[in-house]
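# Structural overview for review
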Amino acid sequence: MGTAVDATRARLIGQPLPRREDERILRGRTSYLDDIELPELAHAAFVRSPHAHARVNEIRAPAEAPGLLTVITAESLGERVRPFPVQAPPEMETADEPHPVLAAGEIRYVGQAVAAVVAETRALAEDAADLVEVDYEPLEPVLDPRAGGPRLTHWTRSSGDVEGSFERADHVVSTSHSIPRVVASPMETRGTVASWDSGSGMLTMWVSAQDPHRPLSQLAHSLRRPEDSIRVIVPDVGGAFGSKGVAAPESAALAIAAMDLGRPVKWAEDRLENFLSAYQGRGMDVDVELALAADGRMLALRARIFADLGGYLLTTTAIPAHTTAMLMTGVYDIGAAEVNVVGAQTHKVPTGPYRGAGRPEAAYALELTVDAAARELEMDPVELRRVNLISEFPHETPLGFTYDSGEYARCLQRAAELAEFTEQDAGTGRRLGTGVGMYVERAGGMWESAHVTVEPDGRVIVRSGSNPHGQGHDTVFAQIAAERLGVDIGDVALRFGDSAIVPRGVGSFASRSVAMGGSAIVRAIDDIRDKCATIAAHLLEAPPEEIAWTSDGGLSAGDGRELSLREIAAAAYQPPRLPAGMEPGLEASARFASNQVFSSGAYAAAVAIDEATGRLEVLKLVAVDDAGVIVNPLLADGQVIGGAAQGLGATLVEEAVYDENGQLRTGSYADYSLMTAVEMPHIETDFVESPSPLNPLGAKGIGEGGAIGTPAAIGNAVVQALGGRIVHPPYTAEKLWHAMQGEST
Amino acid sequence: MKLNNEFVVAAPLERTWSALLDVPRVARALPGATIDSEPADGAYRGTMKVKFGAVTAEYAGTAMLQDVDEDERVASFRVEARERRGQGTAAATITSRLAEDSAGTRVSVETDLAVTGRQAQLGRGIMEDVAGGVLERFADGLEQELAGGSPGPVQPPGSEEALDLGGAVLGPLRERAAVFGAGVALGFLAGWLLRRR
């Protein structure tokens, strides 16, 4: 049967279509979590610890307060909930320290939830929460991940002749890095609405999340309920960046409140709660040693990673440092490597995946080390990289990843071409620095689901386990479906985010939506195309091998007789018109599974530092990414620019600052800076497309490259401007000024 | 968090020094503070109410004289308090160093402050402004106290006047608020244009 893709009428894959969901979003015709109103809705506020480390001796709830409905503590939850499960990365020792739903006896960070207070309105709930008296006994907090305190995770891997390579090396270069914690800052904070129907026994949870099925599994585990007794609905989501990948532990307390009260309960956190209690990103110290031969060949690498994991392990807290460890050899052909990870317990809110999730840390520490090596060897940093790049695929790294594909040298060359800069560009009284940073990114992996139905009128309904929270799934997935099926993009409708409507899926994180979710759609549509061809052969009374797809999305018998997809779809629901024994209907389900794919890129930056003030200006940022086949260049560009903005933020201005008592000193945007349009430099983007052999689209992932490549390139530019001195991000004027004074004295 | 402030009181060193060691008198110089007239185990129980913008924080706790160095004219107080409503606490060691000045007495104050709860998240910038505002009012109050000579009535705990620091705190934020305001205005304009389509 002729089911070749190139026979479809329009190439939609590769077209820079604007996001079709934007009109609805920009006109405010959306429903975010806090927009949900239900009859009898009650509201929750949480009593949160003011101490970083303390014992809780007693909790006294007020007997009554205006509008107060109930106060829930760990004691009243009792055995009805248990902590969310912890995901342990492969071969990583992981302590049994899950995050409790509400604090039971011990506090491990400022902002940890101690009691849930439910009242008629959020304001009344907050007032009543102020009346809850908690007898805390403050204890000394541990805040430094290098302090040698208790470990939550531990991982070591050594492969190849590390010791021998270091002994034989002509040069050994060492660097140390401290990458601060940052907050994810989604425009919409976290939230949950819980509603319990005692008649059907169904618990419905609206969660501001990255997908419905991971929160569903967590809640089922925590509440000890079968998964089919919980329905999770993800409404419109105003950004997540990784920070809504797992449900907040508070969600489980909300479910109990709804069941206790027999009324739906809403928790929509405020910005201060989000700063204090939503898991943060980064927070990693990395020491790197690189052994090189006299000609610049990289022989071996050692790295020690100290991850500041916070007080407890949330479901995904252990993952980023493992990703950092596995990616420590980056884009280079290094034969031997030894990496050690200590996931330290500190008295701060837990960390977890945030855009890049371990990848930016690896790229930053490695790429700054490569530049340090270039200085030591007096080699051009681009040339030193070029001679060490991996060029044959698949490539197995000493740490155990298998890179599927890539054209690293082309990315590097393209970035170098776009980054031409001269000393005059900095202007007088300023020091110019230029730098490159390369990265490789694990993306995709595991599996994803799709269910595609062609309705009798020819409309195509795609239900996806992948879920949007700002990326543009509705447009990109419609492009994929419409092209593969040869229909108008307007005839494709997407369904997301409701566990009662979409098939069980894995979700949207790790830049996996197109490679995994998109490929699942392709697979389901391939099955539908096969069935269409069989039906067409039957209706046209032609031999199946004569049937071919036409350029306008119909099926032809090769003799001028044709059927449109609409005609075939109509017939598919009429058993008398179908071949004997064929099941009526035109739909297919698919679960696409594959190993991880590896995106890559080369970034370049030029910065100028004012000698008098230390003020840094990014003059230019070049982003060359290889995410395989790009479905929508406009959206891919948006992903790169958005990621770069967050990469710039994490490098230049963002830092979650805790004082010596473990108090968060940056609890509002008055103290925590984000990049704004004013500070954003011009970003020049380009793409190299080396298709992944692991999926039918040839796609990898583009969601995180900007956040991964940017800090490394900016870091190297700043180090060059400072004459080789490494400072830790964020590169504030104060730090840079001091670094420049240090040089002259 | 350590904060340093300095002010000059138009009163001679000895009178300022003796006033500073009189805890109820010190409290009286501070608007928003109330205190018991007699100590229990060396500690005075009292309250302090501070208002910044729309936020009022009321603390209840103890104040005591911790160290007195008569020769150097250095005195330190220890204050420990918790929020009347809410979960926050505040603890401070306030060390005052007195020196003669052409205009009277120079008071250098070092405050080692540990605040928890909502107020702690206001950030260092705002905390410094608040502390600076408190000290400024305190200096004025102390001067009046010393000028008046006769001790005024001691306010019983729980009386309602608050120290309003609205101006001190909001000043530094005004600039950012203007940028924010412009953003909001642009947002409304964009929304209006989109809805007109």
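These figures come from a predicted structure and were not determined experimentally. Here the residue numbering is sequential within each chain, running from 1 through the sequence in written order. Starting at A for chains and at 1 for ligands, labels are handed out in the order in which the entities are written. Given that the model is predicted, a residue must reach a pLDDT of at least 70 before its local features are reported, and side-chain atom pairs must reach 80 or more before they are shown or counted; all residues, however, enter totals for whole chains, interfaces and linings.

Let's shift gears to the overall build of chain B. Summing up its helical and strand segments, chain B has four helices and eight strands in all. Here a helix means four or more residues in a row that DSSP labels H or I, a strand means two or more in a row labelled E, and each is numbered from the N terminus. Tracing chain B from N to C terminus, the helices and strands come up as β-α-α-β-β-β-β-β-β-α-β-α. Field definition: a residue is buried when 20 or more other C-beta atoms are found within 10 Å of its C-beta, exposed when 12 or fewer are, and partly exposed for counts in between, with C-beta atoms placed from the backbone. The buried share among the 197 residues of chain B stands at 31%.

A word on the overall build of chain A. In terms of regular secondary structure, chain A is built from 17 helices and 29 strands. Taken against the 2.2 N^0.38 rule, which gives 27 Å for 745 residues, the C-alpha radius of gyration of chain A at 27 Å falls within 12% of a compact globule. With the C-alpha coordinates aligned to their principal axes, the bounding extent of chain A is approximately 90 × 75 × 50 Å. Within chain A, buried positions represent 58% of all 745 residues. Placing a C-beta atom from the backbone of each residue, one calls two residues in contact when those atoms lie within 7 Å. Pairs at least 24 apart in sequence give 82% of the contacts found in chain A among residues at least 6 apart. Here the globule rule is a power law, 2.2 Å times the number of residues to the power 0.38, and the radius of gyration is based on C-alpha atoms.

Turning our attention to unusual backbone geometry. Of note, the amide linkage connecting Phe393(A) to Pro394(A) takes the cis form, showing an omega dihedral of -5°. By secondary structure assignment, the location of Pro394(A) is in the loop between helix H10 (381–386) and strand E17 (395–396). Of note, the bond from Pro729(A) into Pro730(A) is cis; its omega dihedral lies within 30 degrees of zero at 0°. Not every positive phi belongs to a glycine, and Arg73(B) is a case in point at roughly 60°. Residue position: Arg73(B) is located in the loop between strand E4 (55–69) and strand E5 (74–83). Using a count of 19 C-beta atoms within 10 Å as the deciding quantity, one classes Arg73(B) as partly exposed.

What we call a nonpolar core is a set of buried Ala, Val, Leu, Ile, Met, Phe, Trp, Tyr and Cys residues whose membership is set by joining through C-beta atoms within 7 Å. Residues Ala115(A), Val117(A), Ala481(A) and Val607(A) are the most contacted members of the largest nonpolar core, which totals 244 residues. At 13 residues, the largest contribution of residues to this core is made by helix H13 (residues 513–539) of chain A. Once you skip the residues sitting within four places of it in the chain, Val607(A) turns out to touch Gly433(A), Leu616(A), Glu617(A), Val618(A), Leu619(A), Ile714(A), Ala717(A), Val718(A) and Ala721(A). If you look at the next biggest cluster of nonpolar residues, it comprises 35 residues, including Val9(B), Val23(B), Ala75(B) and Ile126(B).

What follows deals with the sheet that holds strand E7 (residues 133–138) of chain A. Residues and elements named next belong to chain A. Strands are treated as partners if at least two bridges between them are detected by DSSP. Taken together, three strands build an open sheet; the order of strands is E5-E2-E7 and the sheet is antiparallel. At either margin of the open sheet sits one strand with a lone partner, and together these are strand E5 (106–107) and E7. As paired strands, strand E2 (residues 54–60) and E5 are joined by two bridges and run antiparallel to one another. The residue of E5 that forms the bridge with Arg55 is Glu106.

This next bit is on the interface of chain B and chain A. Residue-level contacts link 19 residues of chain B with 23 residues of chain A. Breaking the side of chain B that touches chain A down by element, the ones donating at least two residues are helix H3 (124–148) and helix H4 (166–196) of chain B. Sorting elements by how many residues they give to the side of chain B that touches chain A places H4(B) first, with five residues. Residues of the side of chain B that touches chain A, tallied by class, amount to five nonpolar, ten polar and four charged. Ten residues, namely Ala, Val, Leu, Ile, Met, Phe, Trp, Tyr, Cys and Pro, are considered nonpolar, four, namely Asp, Glu, Lys and Arg, are considered charged, and the remaining ones, Gly among them, are considered polar.

What follows concerns the pairing of strand E3 (residues 44–52) of chain B. Residue and element names in this part refer to chain B. The buried count for E3 comes to seven of nine residues, which makes it a mostly enclosed element. Pairing geometry for E3 and E4, over nine bridges, is antiparallel. Pairing of Met48 across the sheet is with Tyr59, part of E4. Across two bridges, the pairing between E3 and strand E8 (residues 163–164) is parallel. Residue pairing for E8: Lys51 is matched across the bridge by Asp164.

For the rest of this paragraph, the subject is helix H3 (residues 122–131) of chain A. Structural remark: α-helix, 3.6 residues per turn; residues separated by three or four positions point the same way. Residues and elements named next belong to chain A. For H3, every residue scored as buried is listed here: Leu124, Ala125, Ala128 and Ala129. End-on view of H3: buried residues confined to an arc of 140°, all on one side of the axis. The inward-facing, buried residues of H3 contact strand E1 (42–48), strand E3 (68–73) and strand E6 (113–119). Within this analysis, the arc is defined by the directions that extend from the helix axis to the C-beta atoms.

Residue and element names in this part refer to chain A. Tracing the backbone shows Val597 in strand E27 (residues 596–610). Between the alpha carbons of Val597 and Arg214 there is a distance of 22 Å; along the sequence they are 383 residues apart. If we ignore the near neighbours within four places in the chain, the residues touching Val597 are Asp404, Ala443, Gly444, Ala515, Gly628, Ser692, Leu694, Lys700 and Gly701.

Residue and element names in this part refer to chain A. Axis definition: a line fitted to C-alpha atoms, over the contacting stretch in the case of helices. Angles run 0 to 180 degrees between N-to-C directions. Two elements in contact, H13 and helix H14 (residues 565–572), have axes whose closest approach is 10 Å; the angle formed by their N-to-C orientations is 85°. The angle between H13 and H14 falls in the class roughly perpendicular. On the side of H13, the interface is formed by Cys532, Ile535, Ala536 and Leu539, while H14 contributes Leu565, Ile568, Ala571 and Ala572. For the contact of H13 with H14, the class distribution of residues is eight nonpolar, no polar and no charged. Throughout this description, any angle smaller than 35 degrees is read as roughly parallel, any larger than 145 degrees as roughly antiparallel, any in the 65 to 115 degree range as roughly perpendicular, and the remainder as oblique.

Any residue range with low pLDDT should be treated as having predicted coordinates unsuitable for detailed reading. The pLDDT value tells you how sure the predictor is about a given residue, anywhere from 0 up to 100. Summarising the model, chain A shows a mean pLDDT of 95, and 98% of its residues fall at 70 or more. Here residues 1–9 of chain A is modelled with pLDDT under 50, and outside its nearest four sequence neighbours on either side it reaches 25 contacts, counting other chains as well.

With antiparallel pairing, three strands are arranged side by side in an open sheet as E23-E24-E25 (chain A). The sheet terminates laterally at strand E23 (548–549) and strand E25 (562–563) of chain A, the two strands that pair on one side only.

When two helices pack together, their arrangement is captured by the angle between the axes and the distance separating the axes. Residue and element names in this part refer to chain A. Interaxial distance between helix H15 (residues 633–652) and helix H16 (residues 705–721) falls to 7 Å at its minimum, and their mutual angle equals 45°. With respect to each other, H15 and H16 are oriented oblique. Of the two possible hands of crossing, H15 and H16 adopt the one that is right-handed. Contact with H15, carried on its side by Gln639, Val640, Ile641, Gly642, Gly643, Ala644, Gln646, Gly647, Leu648, Ala650 and Thr651, involves Gly705, Gly706, Ala707, Thr710, Pro711, Ile714 and Gly715 of H16 and no other residues of that element. By residue class, the composition of the contact of H15 with H16 is eight nonpolar, ten polar and no charged. Should the near helix be turned anticlockwise from the far one by less than a right angle, the crossing is left-handed, and should it be turned clockwise, the crossing is right-handed.

Of note, Pro50(A) is situated in the loop between E1 and E2. Expressed as a C-alpha distance, the spacing of Pro50(A) and Val342(A), which sit 292 residues apart in the sequence, is 28 Å. Residues contacting Pro50(A), with those up to four places away along its chain left out, are Val110(A), Gln87(B), Gly88(B), Thr89(B), Thr116(B) and Gly117(B).

Let us now look at helix H9 (residues 359–377) of chain A. Residue and element names in this part refer to chain A. Expected helix span is computed as 1.5 Å times (number of residues minus one). Here H9 contains 19 residues, and its C-alpha end-to-end distance of 27 Å stays within 8% of the 27 Å for a straight helix at 1.5 Å per residue. Most of H9 is tucked away, with 16 of its 19 residues classed as buried. Just downstream of H9 lies Glu378, where phi reads positive at about 55°.

A word on the environment of His322(A). Residues and elements named next belong to chain A. Tracing the backbone shows His322 in helix H8 (residues 319–326). Taking the C-beta count within 10 Å as the criterion, His322 has 24 such neighbours and is therefore assigned buried. C-alpha separation for the pair His322 and Asp228, spaced 94 residues apart in sequence, amounts to 33 Å. His322 has contacts with Pro89, Met92, Trp155, Val341 and Gly358, leaving out every residue within four places of it along the chain.

All names here are of chain B. By the alternation rule, side chains of E5 split into Ala75, Phe77, Val79, Ala81 and Glu83, which are all buried, and Val74, Ser76, Arg78, Glu80 and Arg82, of which none is buried. With ten bridges connecting them, E4 and E5 associate as antiparallel partners. Across the sheet, residue Gly61 finds its bridge partner in E5, namely Ala81. Between the end of E4 and the start of E5, which pair antiparallel, lie four residues, with Arg73 showing a positive phi angle near 60°. Summarising the sheet, E5 and strand E6 (residues 89–101) pair through nine bridges and their orientation is antiparallel. The residue of E6 that forms the bridge with Val74 is Arg97. Following E5, the chain reverses through five residues before pairing antiparallel with E6; Gly86 in that reversal takes a positive phi of roughly 105°.

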